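Topology and contacts: notes
Now for the letters of each chain:
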Amino acid sequence: MKELQRFGYPIFFVVMAILPHLLNSRWQAVAITFLIFAVVALSQDIVLGKSGMFNMGQALFFGIGAYTTAILNSQFGWPILATIPLAILIPAVFGVLLAGPIVHLRGDYLLVTTIGFNIVFVQVVQNNLGGVTGGPNGIFGLDSLSFFGTDLISQVSVYYFAFAVLMLTLWIMRNLEGSKPGRALHYLREDQLAAESIGINTRIYKIFAFALGAGIAGLAGTVFVVQYSAVSPEAFNFIQSVLFFSIVIVGGSSVPGVLIGVFVMFVLPEIFREFATWRFFIFGFAMIAAMILRPRGIIPATFGKIPKFLIKESNHGA
Amino acid sequence: MDIFLQQLANGLTIGSMFALVALGYTMVYGVMRLINFAHGDMVAASAFVGLTIYTQVMGQAASLLAVIVIFLLTAVAMACVGIILERIAYRPLREAPRLSAVVSALGASLVIQNGIMLIWGPQMRIFPELVPQISWDLGGVVISLIQVIILVLSLVLMVALYLFVEKTRIGAAIRASSIDQDAARLMGINVNSIIALIFIIGSSLGAVGGLFIGLYYRGITFNMGWQYGLYAFVAAIIGGIGNIPGAMLGGMLLGLFNAFIAGYVSSTWSDAFTFILLIIILIVRPTGILGERVAEKV
Amino acid sequence: MVRNELILTDVTKRFGGLTAVDALSFKVEAGQIYGIIGPNGAGKTTVFNCITGIYKSEEGSVNWRGEEIRGLTPYQIVDRGIVRTFQTIRLFSQMSVAENIMSGRHIKSEQKLWHGIIHTPGSKRDELANWHRVEEQLDFFNLGRFAATPVGSLPYGIQRRVEMARAMAVDPTLLILDEPAAGLNDKETLELLETIFKIRDKGVTVLLIEHDMDMVMEVTDYLTVINFGKKIAEGPPEEIQKNPAVIEAYLGSEDDDDE
Amino acid sequence: MKFGKMMLALAATTLLAVPAFAADTLKVGVQAPITGSYANEGQGIQNSVELLAEQINAKGGVMGRKIEVIPCDDQGTAMAAAICAKDLVNQGVSMVIGSYTSTCAEAAQKTYFKAGVLQTSDGTADSLTEHGYWTFLRNSFPNSAEAKFAANYMVNVKKYKRIVVISDFSSYATGLADATITAIKKAGGNVVSYGKIKANSQNFTPLLTNIKSKNPDAIFFAGYYTDGGQLRAQQVALDIKADFIGGDANANPDFAKLAGSAAEGAYVINVPTPEMLLRHCQAIPGRLQGQIRNLAAIDLDNHERRRDARYYLRHGADQELRYQEGR
């Protein structure tokens, strides 16, 4: 495990950095979607894995981010890059507004409300609210990303943009781990009453988790727009939320776990396209088998990130 | 006024189907703390099984007796599937974190849904008109025979289930297991059998629901289970999950919401309004309308 | 300078038809080790829950340092220097001992929410300083060698210590212990007594519920005895021991189960 | 129906297939929702194309080259469609048939255009042809055309005074419904209500009860036959006397099976058979540049003697076609 941590990340980064040059355009597209999904799954992990809140509506925030970028670009002609702050901020604000009234709900009740919000969102965009969401068709033909006048059209450049966003997300996740708010989320996940009784305002931190998760998912939404030059309601429906939910649980809510989860839940089905109609039948069995073999996920969440000076000799187990 | 009554009748019909399916969720949840996401697909599967029994076993005989036999055979078949499902997908995960079992259930849902597609094909299958198309016009309110059958039979089944759980020894064992499995085990209750029984009851009720869908709407598709599952699950939550009368109430309410919102407010926004209403209910009553029947120590 | 006094006046808590705590009044003075005893189901833990904000009492007042704290949330009460442990240990069982104790530093830490996203030199300093405070608690409770061990895998007695260390990490003014000796063997109980005295010597007022009469008599300065939610006696331990009402209340109810 | 469309699609694309490179086989991609909620249609597309390819190969292929079919599952989602498009292009297809939904067609269009791969689609969204990609060919008429026909028929032929329009939430159905409403208003007709149903949700009585109170004399349904049949059945069960007019996606024998005895008297707007379309296409100068600007719809009511929709669906509506010229 320690070995994996020491060498795993550098190897991962190096492989990911050279990956697009080894792939043909189909697999480049898969790899980009992998990166986008990884970011959304990590944002879901903040809410579901780290804070233990049963959220089955993460596609909502992903969608709000994507639609924010798409609408600003198509209606107001903003360059994609300029939409990024709002694509983060607006989902985050929604995260606060929507989570505020519901975070006191326990487990499955929270689950239903998040599903509900997701369904409401899809209906809102389908019904073309305000005439800007493009209805069931979505919004097409959006601009590509451009840096100071240079359009980044090629798949490779989109890949690196998505990769940069993933790196940013990983960096935020790392910062979160080693901070007071990050630990607070762990505490409330483990035992909410104990957390309250030790002085943690769990409500604020729950909302914080939702808002942070929403902001990151929103950023992923922008990357989605860059990749597909389009948004449409079905990309952000409840089934997608179920996918992100499953990714976190199958992977186990650690960062490598979530990345492997995205690979297993998204890339593997792509690899096994040849099975055609049998694909999801087999995939369902695989999900069951994965949970039975690794009930806590492929790589379970690890705690115990404590400063070295605290670790004394004769450690018990650890 | 007659429109109101008509919507009431519509709502109660669909609501009783939701309630039947919701009972499957709530009973499993009550004992196992598991959201059995595969339940909706079991409902869809039962409609297909019922149709196959009609065409293959019954030789397309259309009589009251035939319908009853279809119901019974389907219920038995689905009960077996339910037990197998529990053995394969849930039993190994009893000690695992709760959400692992939920993902296993999602996997099972994919298996069943795609299994239906592989066996019966992706196209819509159509039920014969097994129930005569009779309807009565009661002063502007049209009620059909099948609606009456659905309503009455659902109510009978629900009351029977309620009495079974509340009044019988086995029912007491079910309730005991849902409060504390370990304590129930110590009291000599075979929790494994209770769980198997729960799956038998839940799946059979789901089978009845699935056949109702087939008989009433007649067109069945392999992926129709999702939405019934989702609505029934929501109904169970709204009523207070683990709570049997709660599931019935939740199902009925959801049916009525559906009818009145689509009928009076806006069909374009029916889902949005329905879910906003449900979220508001949960904000006001955080453990459902009737409260959940799950003990938790503070 | 306000005195560190906790004054309960006519606190009443009902659950449906049952009155768990009935017009209870008592006063804990600064520097005391104050005990609340009573038979099973007497409402002791409910009193604690009312003080620490887990329940809100229907009537009466809970006054801390001259401020009414009835109706505040648990974390607001912790912010005012009152911290508690639980009868059934409530630790963050998958997390290490050090992380558990660090949770006590939460309220003292200067970090803002956005420090969870971006670290600053200030937040890094704050983080390190708090870990050093954790180290102090590890040493004080002799838990140093378990620092990195997940709490859930430790024996019960050590878990009790971790829970107290976590509470002490808050730097409380008033420490509330709910049956701290429950489940401990004699040796561990003795250690516990010493620890409680050491905590008092740090200037922390201690309020505890205990079932074990011997231990209570030894450790407390002052006692309140409750039964069926009502106070039946109060006074120093040696007086309480002789009180006929207390003896009666305890007769035949010596079993040690939790309530 | 579907099979017919496929035949047309294949024929149309092979017409244009320029033997640019001398490969042994002619690679034909099929981009279709093989899994997901349109699995039925998707698998239908795949099977039809494979069957056709077999038949054509049995006769010696196209210009001496055998057809090789390469299917790709777009799951009905834009994301998977974009991946599919790239995959098929990589595998060297020279034409792609399918993508059942407008969304998927649109998500894939640009990739095919850049690679110079011909694409046909059942997508009816008007926007599909607005980019002007020369590689894109419709095999369905755009919504606006059917809408014009339907509106004209309802307002001027049948003289309906109170029309209700129903669609589902799909882009096809909403597009058609919106276009139809516009066309009805343009023709001076009166739309009293516009309702939406959720596809496959089966329970349409609440909406129908509401519609009943509006006393319509016609219900125009822009969705698919799977819902249309049930909608019609429930309409009759609720004793709503209005005429039922289904959009072209209702033209499926299962519509009548689903509606059961209620199918009697329902109208379905239909497109002509592929042979007719082809005949028509070949007359277009410039040879299929852009799109097939063709449509026709059948006025089922012309058959005075047999008003039963079931009859037409069973026998195929290949007689007495009334063409209406596209733009």
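Reading the values: the criteria
- Residues numbered from 1 in each chain as written.
- Chains lettered and ligands numbered in written order.
- Predicted model: local features only at pLDDT ≥ 70, side-chain atom pairs only at ≥ 80, totals over all residues.
- Heavy atoms only, no water.
- Phe/Tyr/Trp six-rings, centres within 6.5 Å; stacked < 30°, edge-to-face > 60°.
- Helix = DSSP H or I, 4+ residues; strand = E, 2+ residues; numbered from the N terminus.
- Buried < 20%, exposed > 50% of the residue type's maximum accessible area, 1.4 Å probe, protein only.
- pLDDT = per-residue confidence, 0-100.
- Contact = heavy atoms within 4.5 Å.
- 1 Å grid on protein atoms, 1.4 Å probe; cavity = no way out; pocket = protein on both sides within 12 Å on 5 of 7 lines; lining within 4 Å.
- Points joined across faces, edges and corners; volume = space filled by probe spheres on them.
- Nonpolar A, V, L, I, M, F, W, Y, C, P; charged D, E, K, R; others polar.
- Core = buried A, V, L, I, M, F, W, Y, C linked by side-chain atoms within 4.5 Å.
- Polar contact = N/O pair within 3.5 Å; in protein donor to acceptor, adjacent residues only side chain to side chain.
- Domains from an automatic or database assignment.
- Buried area = accessible area lost by both parts, 1.4 Å probe.
- Salt bridge = Lys/Arg side-chain N within 4 Å of Asp/Glu carboxyl O.
- Axes fitted to C-alpha atoms, helices over the stretch in contact; angles between N-to-C directions.
- Parallel < 35°, antiparallel > 145°, perpendicular 65-115°, else oblique.
- Left-handed = near helix turned anticlockwise from the far one by under 90°.
- Pairing = 2+ DSSP bridges.
- Patch = residues over 30% accessible without salt bridge, like charges linked within 9 Å, V, L, I, M, F, W, Y side chains within 5 Å.
- Areas by Shrake-Rupley, 256 points an atom, 1.4 Å probe, with all protein chains shown as cover.
- Disulfide = S-S within 2.5 Å.

Concerning the packing of aromatic side chains
Scanning all chains against the criterion turns up 40 aromatic pairs over all chains. For the pair Y25 of chain B and F233 of chain B, a centre-to-centre distance of 5.7 Å together with 40° between the ring planes defines the contact as tilted. Taken as a pair, Y25 of chain B in helix α1 (residues 2-32) and F233 of chain B in helix α9 (residues 225-239) lie far apart in primary sequence, 208 residues in all. Each member of the pair, Y25 of chain B as well as F233 of chain B, is classed as buried. When the ring of F149 of chain D is compared with that of Y153 of chain D, the centres are 6.3 Å apart and the planes differ by 5°; the resulting orientation is stacked. Of this pair, F149 of chain D and Y153 of chain D both sit in helix α5 (residues 143-157), four residues apart, roughly one helical turn. F149 of chain D sits in the buried class, given a relative accessible area of 4%.

Points about the confidence of the model for chain D
Detailed reading of predicted coordinates is not advised where the pLDDT is low. All names here are of chain D. On average, chain D scores 72 in pLDDT, and the residues at 70 or more come to 75%. Mean pLDDT values over the elements of chain D span from 30, in strand β12 (residues 322-323), up to 92, in strand β6 (residues 163-167). Segment residues 15-22 is flagged for pLDDT under 50; beyond a separation of four residues in sequence, or across chains, it makes twelve contacts in the model. In the predicted structure, residues 273-327 sits below a pLDDT of 50 and forms 103 contacts with residues beyond four places in sequence or in another chain.

A short note on empty space enclosed by the protein
Over the atoms, a rolled probe matching the size of one water molecule traces out where space is still vacant. Using the criterion set out here, one finds ten cavities of 30 Å³ or more in the structure. A volume near 270 Å³ is recorded for the largest cavity. Lining of the largest cavity is provided by 19 residues; of these, N258 and S270 of chain B together with K198, S201 and N203 of chain D occupy positions nearest its centre. Breaking the lining of the largest cavity down by element, the ones donating at least two residues are α1, α9, α10 (244-265) and α11 (270-284) of chain B together with α7 (205-212) of chain D. Among the elements that take part in the lining of the largest cavity, α9 of chain B stands out by supplying three residues, more than any other. Classifying every residue of the lining of the largest cavity gives ten nonpolar, six polar and three charged. Here the second largest cavity defines a volume of roughly 50 Å³. In terms of lining residues, the second largest cavity is bounded by N55, G57, L60, F61, L98, A99, I102, T114, F117 and F210 of chain A. Of all the secondary-structure elements, those providing two or more residues to the lining of the second largest cavity are α3 (58-76), α4 (80-102) and α5 (107-126) of chain A.

Some points on the nonpolar core
Residues F62 and F245 of chain A, Y90 of chain B together with L143 and I196 of chain C are the most contacted members of the largest nonpolar core, which totals 266 residues. Beyond its immediate stretch of four places on either side in the chain, F62 of chain A contacts I36, F37, V40, A217, A220, G221, F224, F236 and F244 of chain A. Formed by 42 residues, the second largest nonpolar core is a distinct cluster that contains V28, Y172, A179 and Y267 of chain D.

Concerning the environment of T220 of chain C
Residues and elements named next belong to chain C. One can find T220 in the loop between α7 (213-219) and β9 (222-227). Residues in contact with T220, not counting those within four places in the same chain, are I33, Y34, G35, L208 and P237. A distance of 2.7 Å separates a polar side-chain atom of T220 from the backbone oxygen of V216.

As for the side chain of Q44 of chain A
Residues and elements named next belong to chain A. As for its placement among the helices and strands, Q44 is situated in helix α2 (residues 25-50). One polar contact links the side chain of Q44 to the main-chain carbonyl oxygen of N55, over a distance of 3.0 Å. The residues touching Q44, leaving out its near neighbours within four places in the chain, are G49, N55, Q58, F244, F245 and V248.

What about the domain arrangement of chain D?
Accessible area lost during the coming together of the parts is what is often quoted as the interface size. Residues and elements named next belong to chain D. In terms of domain boundaries, chain D breaks down into domain 1 (7-138) and domain 2 (143-272 + 305-324). In this assembly, nine residues from domain 1 lie in contact with seven residues from domain 2. Of the roughly 590 Å² buried where domain 1 meets domain 2, counting both sides, 36% is carbon and sulfur surface. Among the residues domain 1 hides against domain 2, the three largest losses belong to Y38, T124 and D126. Together they make up 55% of the total. The interface formed by domain 1 and domain 2 contains zero salt bridges. Inspection of the region where domain 1 meets domain 2 yields zero residue pairs in polar contact (both at pLDDT 80 or more). Put simply, the parts of the chain that give the side of domain 1 that touches domain 2 at least two residues each are α2 (39-58) and α4 (102-115). When the residues that make up the side of domain 1 that touches domain 2 are grouped by side-chain class, the tally is three nonpolar, four polar and two charged.

Concerning the packing of helix α10 (residues 238-251) of chain A against helix α4 (residues 98-120) of chain B
It is at 10 Å that the axes of α10 of chain A and α4 of chain B come closest, and there the two elements cross at 130°. What the angle tells us is that α10 of chain A and α4 of chain B run oblique. Relative to α4 of chain B, α10 of chain A is oriented so that their crossing is left-handed. Of the residues in α4 of chain B, those in contact with V242, F245, S246, I249 and V250 of chain A of α10 of chain A are L99, S100, V102, V103 and L106 of chain B. In terms of residue class, the contact of α10 of chain A with α4 of chain B is built from eight nonpolar, two polar and no charged.

Let's talk about the sheet that holds β9 of chain C
All names here are of chain C. If you walk across this open sheet you meet the six strands as β6-β7-β8-β3-β9-β10, and the pairing is mixed. Since the sheet does not close on itself, it has two edges, and those belong to β6 (82-84) and β10 (230-235), each with one partner. Strand after strand, the sheet turns through a mean of 20° between neighbouring axes, direction not considered. Relative to β10, β9 is paired through five bridges, and the arrangement is antiparallel. Opposite V225, over in β10, you have A233 as the bridge partner.

Some words on unusual backbone geometry
Although it is not a glycine, E179 of chain C sits at a positive phi angle of roughly 50°. A positive phi angle, close to 65°, is found at Q202 of chain D, a residue other than glycine. Structurally, Q202 of chain D is set in the loop between β7 (191-196) and α7. Its relative accessible area of 2% is what places Q202 of chain D among the buried residues.

Overview of the interface of chain A and chain B
Listed as interface residues are 43 residues of chain A and, on the opposing side, 47 residues of chain B. Between chain A and chain B, the buried area comes to about 3,800 Å², and carbon and sulfur atoms account for 80% of it. Of all residues in chain A, the largest losses of buried area upon contact with chain B belong to D108, Y109 and V112 of chain A, amounting jointly to 17% of the total for that side. Counting every contact that joins chain A to chain B gives one salt bridge. Across the pair D108 of chain A and R98 of chain B runs a salt bridge whose closest N-O atoms are separated by 2.8 Å. Joining chain A to chain B, the criterion identifies nine residue pairs in polar contact (both at pLDDT 80 or more). For the side of chain A that touches chain B, the leading source of residues is α5 of chain A, giving twelve residues.

Focus: the interface of chain C and chain A
At the interface, 48 residues of chain C touch 43 residues of chain A. Counting the contacts that link chain C with chain A gives two salt bridges. A salt bridge links R90 of chain C to D191 of chain A; the shortest N-O distance between them is 2.8 Å. Where chain C packs against chain A, one counts 15 residue pairs in polar contact (both at pLDDT 80 or more). Within the residue set of the side of chain C that touches chain A, elements represented by two or more residues are α2 (74-79), β6, α3 (97-104), α4 (121-140) and α5 (156-168) of chain C. Counting residues per element, the side of chain C that touches chain A draws most heavily on α4 of chain C, at eight residues. The class makeup of the residues in the side of chain C that touches chain A is 25 nonpolar, 14 polar and nine charged.

Here's the deal with a nonpolar patch on the surface
Where nonpolar side chains cluster on the molecular surface, the patch consists of F263, I271, F272, F275, W278 and I282 of chain A and spans about 550 Å² of accessible area. Locating F263 of chain A in the fold gives a position in helix α11 (residues 255-271).

Quick word on the packing of α1 of chain B against α10 of chain B
Residue and element names in this part refer to chain B. For the pair α1 and α10, interaxial distance at closest approach is 6 Å and the crossing angle is 145°. The crossing of α1 and α10 is right-handed. Of the residues that constitute the contact of α1 with α10, the class distribution is 19 nonpolar, ten polar and no charged.

Observations regarding the state of the cysteines
Residue and element names in this part refer to chain D. Per the stated rule, a full pass over the model turns up one disulfide over all chains. Between the sulfur of C72 and that of C84 lies a disulfide, 2.0 Å long from S to S. Because the sign of the S-S torsion sets the handedness, a value of about -100° for the bond joining C72 and C84 places this disulfide among the left-handed ones. Within this pair, whereas C72 is found in strand β2 (residues 66-73), its partner C84 is found in helix α3 (residues 78-90), the two being separated by twelve residues in sequence.

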